[in-house]
Amino acid sequence: TSNENVNHFETSETIGYSKKSFWNERFEKTDTNFDWYADWEQLEKYFKKFLTEDSKILMVGCGNSKMSSQMYNSNFKNITNIDISDIVIGKMQKQFPEMKWIEMDATKMDFEDNFFDCSIDKGTLDAIMCGNDPTPPARLIREMHRVTKKGGYYCIISYGVPEYRLNYFEKFRN
């Protein structure tokens with residue numbers, strides 16, 4: 001039988017992607033940077049259509065991506081980076097001390113409502129969808145929506161096909 005909410009690509013290896021322990025172990029082993037799916041050079045032309053240099057930007061599940069530092073070098077100076085892994089946050093703070101780095105669970109953010117002009121996720125939704133619990137993806141999207149200003153943007157860059165992602169956004173349609 002088929003269930004629409006099942007992640008058909010889930011294996012015992014991918015389930016780890018939804019766990020803090022997986023990411024701490026992974027980031028403990030590496031000092032190199034890695035960008036999932038795309039980097040700033042590929043995405044810049046799209047983001048510059050709606051971001052200004054004064055935009056307050058949240059990078060959700062920042063990991064060890066260089067994208068926020070590349071954005072910073074393109075004069076987007078007000079970027080807050082969050083990740084569930086304290087290991088990667090510590091490493092990124094050392095690598096890019098001019099930026100804000102906070103250990104935080106993106107499904108339970110400490111920010112005020114309507115705080116950011118833009119919230120960006122590049123792979124976090126995909127990672128948490130690898131777990132067996134269907135509620136974290138919905139909580140992530142709810143939190144991104146909550147902390148993003150009305151009239152702002154929340155951008156989710158995903159490898160997932162729309163039929164497995166769009167249902168999480170339905171409640172936020174106008």
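Look above for the structure.
Residues numbered from 1 in each chain as written. Predicted model: local features only at pLDDT ≥ 70, side-chain atom pairs only at ≥ 80, totals over all residues. Heavy atoms only, no water.

## Some remarks on the overall build of the protein chain
And step 1. On a plain count of helices and strands, the protein chain comes out with seven helices and five strands.
And step 2. Sequence-ordered secondary structure for the protein chain, helices as α and strands as β, is α-α-α-β-α-β-α-β-β-α-α-β.
And step 3. In the protein chain, of all internal contacts separated by at least 6 residues, the share reaching a separation of at least 24 is 69%.
And step 4. For the protein chain, the accessible area works out to roughly 10000 Å², and carbon and sulfur atoms hold 49% of it. (Helix = DSSP H or I, 4+ residues; strand = E, 2+ residues; numbered from the N terminus. Contact = heavy atoms within 4.5 Å. Areas by Shrake-Rupley, 256 points an atom, 1.4 Å probe, with all protein chains shown as cover.)

## Brief notes about the sheet that holds strand β2 (residues 79-83)
Strands in a sheet are paired, the pairing made by backbone hydrogen bonds, and the direction either parallel or antiparallel.
And step 1. Pairing within the open sheet is parallel, and its five strands lie in the order β3-β2-β1-β4-β5. Whereas interior strands pair on both sides, the edge strands pair on one side only; in this sheet they are β3 (100-103) and β5 (148-157). Within the sheet, the average angular offset between the axes of one strand and its neighbour, ignoring direction, is 20°.
And step 2. Bridge count for β2 against β3 is four bridges, and the pairing is parallel. From the neighbouring strand, Thr80 faces β3, where its bridge partner is Lys100.
And step 3. Running at roughly 145° to β5, helix α7 (residues 135-147) makes contact with β1 (57-60), β4 (116-122) and β5 of the sheet. (Pairing = 2+ DSSP bridges. Axes fitted to C-alpha atoms, helices over the stretch in contact; angles between N-to-C directions.)

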